[in-house]
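Residues per chain, in single letters:
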Amino acid sequence: MDIKRNILLNPGPATTTDTVKLAQVVPDICPREREFAGRMAQLRGDLVRVVHGDPEQYTAVLFCGSGTLCMDVCLNSLLPEGKKALIVHNGAYSARAADICQAYHLPHIDLELPYDRPADLTIVETTLRENPNIALVYATHNETGTGLLNPIREMGALTHQYGAIFVTDTTSTYAMRPIDIEAENIDFCMASAQKGLMAVTGLSFIIGRRDVIEASRDYPRRSYYANLYRQYDYFERTGEMEFTPPVQTVYAAIQAMKEYWNEGETAKWARHSRAFAAIHTGLESLGFQELISREWQAGLVAAVRCPDDPRWDFDRIHDLCYAQGFTIYPGKVGTADTFRLCALGAIDVPDIQDFFQVFRDALETCGVAIPVQYR
Ligand SMILES: *Cc1c(COP(=O)(O)O)cnc(C)c1O
């Protein structure tokens, strides 16, 4: 089978290998077969191994849905009655976490901080000190809207010092930027299959502490379908998801995991890093400015300022690139006018170089001045 290769520079779903795409084409199987449960058990173990977790202490719980489901599950399931969540809010994804708290009427503090720099640990600590009722601190590792990296190890340490659990959204770093769950002071992290793992959409997972999940059995059950203890317990007793899993997506994730181990953590991160460096080089050659200072970037998402040029037309430039097999993505910052180029997926430096040829041509077609101009 010959499948056209598109280069996705959006922040996931990412470009996949053909072997991952084709892994979805399998004989029909009822997911209640023992064979299928065995495959999920292996995958759950591997998901813990990716973040170097001790399988006695940490477990992975699978869900059918996109990454936001994991945010929802962690927040609705891990907060004891009468306690508060602290949302460290410095980007679009932590804003979403605060929205989730609102939707469930969870007592929470929405700690809104500037979007263009890492969360200020002093403010986080003051908030923890002044609010002894906080039982859960939530932060985003890589704020995918801007590409900003948060100091999760330090935030996790503070969180533990004040007796709370630390939940971090690693959806856009997991299986790319190396993570050691215990060393980073993470109690729960999460991701979905179509990002760092380079599999396909529809499967998401939470990785975290068994003892905390066990304790959460007695917490209020705020969602019928999306409860962490319930899904964990069902997996532990039967090896299955409580409700129908995304069968073919699981096969793709298993193949992607195989390819993850073959490539290796260090080599994979090196590949993403050199693709990201090539994005920086390409942007510089055209005069583009980025939103976040380089030293604060997570190394996967570049949020680029749109030039002040009347001929700049994101949609038209997108369409010209798309016609050549390259996808660029609009920004998600609020006030600043940006677009994004990301180094996720099964891509490497030559793909980025090819992209910049096409991108330059698109700018020229639109008559945008090069180097691009800012006021
Ligand atoms: C992609 C992403 C999510 C999940 O988004 P979905 O659209 O539900 O897949 C959550 N958090 C972060 C940081 C992400 O990058």
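The numbering scheme is per chain: residues are counted from 1 as the chain's sequence reads. Under the rules for a predicted model, residues below a pLDDT of 70 receive no local features and side-chain atom pairs below 80 are neither given nor counted, while totals for whole chains, interfaces and linings still include all residues. Computation of side-chain values: all heavy atoms of the structure, hydrogens and water removed.

Peer 1: Pulling in residues and values, what's your account of the nonpolar core?
Peer 2: Counting 82 residues, the largest nonpolar core has Leu47, Phe188, Phe205 and Ile207 as the members making the most contacts within it. Strands here mean DSSP runs of E at least two residues long; helices mean DSSP runs of H or I at least four residues long; both are numbered from the N terminus. In terms of residue count, helix H9 (residues 247–263) provides more of this core than any other element does, eight residues in total. Take the buried Ala, Val, Leu, Ile, Met, Phe, Trp, Tyr and Cys residues and link them wherever side-chain atoms come within 4.5 Å; each set so joined is a nonpolar core. Any residue under 20% of the maximum accessible area for its type is buried, any over 50% is exposed, and the rest in between are partly exposed; the area is computed with a 1.4 Å probe on protein chains only. Core analysis: the second largest hydrophobic core is formed by 33 residues, Ile279, Phe288, Ala302 and Ala343 among them.

Peer 1: Could you give an account of the sheet that holds strand S11 (residues 301–305), naming the residues involved and the relevant values?
Peer 2: Here the rule is simple: two strands pair whenever DSSP picks up at least two bridges between them. A sheet is described by the order of its strands in space; here three strands give the open sequence S11-S14-S13, paired in antiparallel fashion. The sheet is open, and its two edges are formed by S11 and strand S13 (329–330), each paired on a single side. As defined by bridge partners, S11 adjoins strand S14 (residues 338–342) across five bridges and the pair is classed as antiparallel. Across the sheet, residue Val304 finds its bridge partner in S14, namely Phe339.

Peer 1: Which residues make up the site of the ligand, and what values go with them?
Peer 2: The immediate surroundings of the ligand are formed by 14 residues, with Ser66, Thr68, Thr144, Asp169 and Lys195 found nearest. N or O atoms closer than or at 3.5 Å make up a polar contact, with two conditions inside protein: a donor-capable atom paired with an acceptor-capable one, and, for residues adjacent in sequence, both atoms drawn from side chains. At 2.5 Å, a side-chain N or O of Thr68 approaches an oxygen atom of the ligand. Lys195 is positioned such that a nitrogen or oxygen atom in its side chain is 2.7 Å from an oxygen atom of the ligand. Elements with a minimum of two residues in the shell around the ligand: helix H3 (67–77) and helix H4 (92–103). Any residue that is not Ala, Val, Leu, Ile, Met, Phe, Trp, Tyr, Cys, Pro, Asp, Glu, Lys or Arg is counted as polar, Gly included; the first ten are nonpolar and the last four charged. Partitioned by chemical class, the residues of the shell around the ligand number two nonpolar, nine polar and three charged. When at least one non-hydrogen atom of a residue lies within 4 Å of a molecule or strand, that residue is treated as near it.

Peer 1: Which residues make up empty space enclosed by the protein, and what are the values?
Peer 2: A 1.4 Å probe that fits but cannot get out identifies a cavity on a 1 Å grid over protein atoms alone, an open set with protein on both sides within 12 Å along at least five of seven lines counts as a pocket, and a residue lines either if it has an atom within 4 Å of a point. Grid points are joined across faces, edges and corners, and a volume is the space filled by probe spheres set on the points. What the rule picks out here adds up to two cavities of 30 Å³ or more. Here the largest cavity defines a volume of roughly 60 Å³. If you trace the largest cavity, you find it lined by Phe63, Cys64, Tyr225, Gln231, Met241, Glu242, Phe243 and Thr244. Residue classes in the lining of the largest cavity are distributed as five nonpolar, two polar and one charged. In this structure, the second largest cavity occupies an estimated 30 Å³ of space. Around the second largest cavity, the lining residues are Val50, Val51, Tyr174, Ala175, Arg177, Pro178, Ile179, Tyr260 and Glu265. Taken together, the residues that form the lining of the second largest cavity break down as seven nonpolar, no polar and two charged.

Peer 1: Summarise the packing of helix H2 (residues 34–50) against helix H8 (residues 228–238); cite the residues concerned and give the values.
Peer 2: Fitting a line to C-alpha atoms yields each axis, with helices limited to the stretch in contact; the angle taken between N-to-C directions then spans 0 to 180 degrees. For the pair H2 and H8, interaxial distance at closest approach is 11 Å and the crossing angle is 120 degrees. As judged from the angle between their axes, H2 and H8 are oblique. As H2 runs across H8, the sense of the crossing is left-handed. The residues of H8 that touch H2, namely those facing Ala37, Met40 and Arg44, are Tyr232, Phe235, Glu236 and Thr238. Here the contact of H2 with H8 is composed, by residue class, of four nonpolar, one polar and two charged. Oblique is the label for any angle not under 35 degrees, not over 145, and not in the 65 to 115 range, which are roughly parallel, roughly antiparallel and roughly perpendicular in turn. Two helices cross in a left-handed way if the nearer one is turned anticlockwise from the farther one by less than a right angle. They cross in a right-handed way if the turn is clockwise. We call two residues in contact whenever any of their non-hydrogen atoms come within 4.5 Å of each other.

These results come straight from atomic positions and should not be treated as a statement about function.
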